Amino acid sequence: MSAEQTPAPETLEPTGPRPLRLTAAAVLAALEGLALVVGGAFILVLGLTGDPDDRQQAVTGGVTLIVLALLPLLAARGLLGRRSWSRGPAVITQIMALPVAYDLLQADSMAIPGGIVLGVVAVTALVLLVNQEATRALGIRGPGNAPE
């Protein structure tokens, strides 16, 4: 064995400014995460202080929404930091939001505008995340594209 150390493998760190599309996708994911935190906190507080039909179900629902908020919030942070791992959780979040938006659209209530907004945000974020510019900025290579 030689005394020389083997060089560390080159990491493909993206260079240059962060693309606007990637920033926009991160902002949308963060807004979804914040909405989940606010909704979960509202349900939790209402369940603890109000008169819900089932207090345990209200508390569980509120805590669940707050925990679910971690996925889009972590994805948004990763997207802002241009981490390649962050696109997967961000895409999963948007895919999970689409059936929720559809269910909100089926309601005969004030939930319809929320369903419209959620659907538009989810589709917009998906388009931004799979865009070639965002993919390149995250350092994600497609299948068959070996590192140079």
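Here the structure is a predicted model, which is why all the values come from computation and not from measurement.

1. A closer look at the overall build of the protein
In step 1: When its secondary structure is counted, the protein shows 6 helices and 0 strands.
In step 2: Ordered by position from N to C terminus, the α and β elements of the protein give α-α-α-α-α-α.
In step 3: Relative to its full complement of 148 residues, the protein shows a buried share of 27%.
In step 4: In the protein, of all internal contacts separated by at least 6 residues, the share reaching a separation of at least 24 is 66%.
In step 5: Carbon and sulfur atoms make up 66% of the accessible area of the protein, which amounts to about 10000 Å² in all.

2. Some remarks on the packing of helix α1 (residues 20-49) against helix α5 (residues 111-130)
In step 1: In the contact formed by α1 and α5, the axes pass within 9 Å of each other and the chain directions differ by 145°. Read as a crossing pair, α1 and α5 show a hand that is left-handed. Two secondary-structure elements touch here, α1 through Arg21, Ala24, Ala25, Leu28 and Glu32 and α5 through Leu118, Val121, Ala122, Thr124, Ala125, Leu128 and Leu129.
In step 2: Tallied by class, residues from the contact of α1 with α5 come to 9 nonpolar, 1 polar and 2 charged.

3. With respect to the nonpolar core
In step 1: In terms of nonpolar packing, the biggest core is built from 16 residues, with Leu22, Ala25, Leu28, Leu79, Ala90 and Leu129 touching the most fellow members.
In step 2: Elements represented by at least two residues in this core include exactly α1, α3 (70-80), α4 (87-106), α5 and α6 (132-137).
In step 3: Broken down by element, the residue count for this core peaks at 5 residues, all from α5.
In step 4: With sequence-adjacent residues up to four places away left out, Ala25 is seen in contact with Leu79, Leu128 and Leu129.

4. Structural notes on unusual backbone geometry
In step 1: We note that Arg82 has phi near 60°; this positive angle belongs to a residue other than glycine.
In step 2: You can see Arg82 is positioned in the loop between α3 and α4.
In step 3: Note on Arg82: relative accessible area 13%, which makes it buried.

5. Details of the confidence of the model for the protein
In step 1: Summing up the model confidence of the protein, the mean pLDDT is 87 and the portion of residues at 70 or higher is 86%.
In step 2: Mean pLDDT across the elements of the protein bottoms out in α6 (89) and peaks in α3 (96).

6. Details of the side chain of Thr93
In step 1: Inspection of the secondary structure puts Thr93 in helix α4.
In step 2: The buried category is assigned to Thr93, whose relative accessible area is 7%.
In step 3: Excluding residues within four positions of it along the chain, Thr93 makes contact with Glu32, Leu71 and Pro72.

The rules behind each value
The numbers attached to residues start from 1 for each chain and follow its sequence in the written order. Two thresholds apply to this predicted model, a pLDDT of at least 70 for residue-level local features and 80 or more for giving and counting side-chain atom pairs, whereas whole-chain, interface and lining totals are computed over all residues. The side-chain figures draw on all heavy atoms in the structure; neither hydrogens nor water molecules are used. Comment: elements are numbered from the N terminus, with helices defined as DSSP H or I runs of at least four residues and strands as E runs of at least two. Type-normalised accessible area, obtained with a 1.4 Å probe on protein chains alone, sets the label of each residue: buried when under 20%, exposed when over 50%, and partly exposed for intermediate values. Throughout, a residue-residue contact means that at least one pair of heavy atoms, one from each residue, lies within 4.5 Å. Values of accessible area rely on a 1.4 Å probe in the Shrake-Rupley scheme; residue burial ignores everything except the protein chains shown. Note on definitions: angles span 0 to 180 degrees between N-to-C directions of axes, and those axes are lines fitted to C-alpha atoms, for helices only across the stretch in contact. It is the rotation of the near helix from the far one that decides the hand of a crossing: anticlockwise by less than a right angle makes it left-handed, clockwise makes it right-handed. Three residue categories are used. Nonpolar comprises Ala, Val, Leu, Ile, Met, Phe, Trp, Tyr, Cys and Pro, charged comprises Asp, Glu, Lys and Arg, and polar comprises the others, including Gly. What we call a nonpolar core is a set of buried Ala, Val, Leu, Ile, Met, Phe, Trp, Tyr and Cys residues that are connected through their side-chain atoms within 4.5 Å. The pLDDT value expresses, per residue, how confident the predictor is, ranging between 0 and 100.

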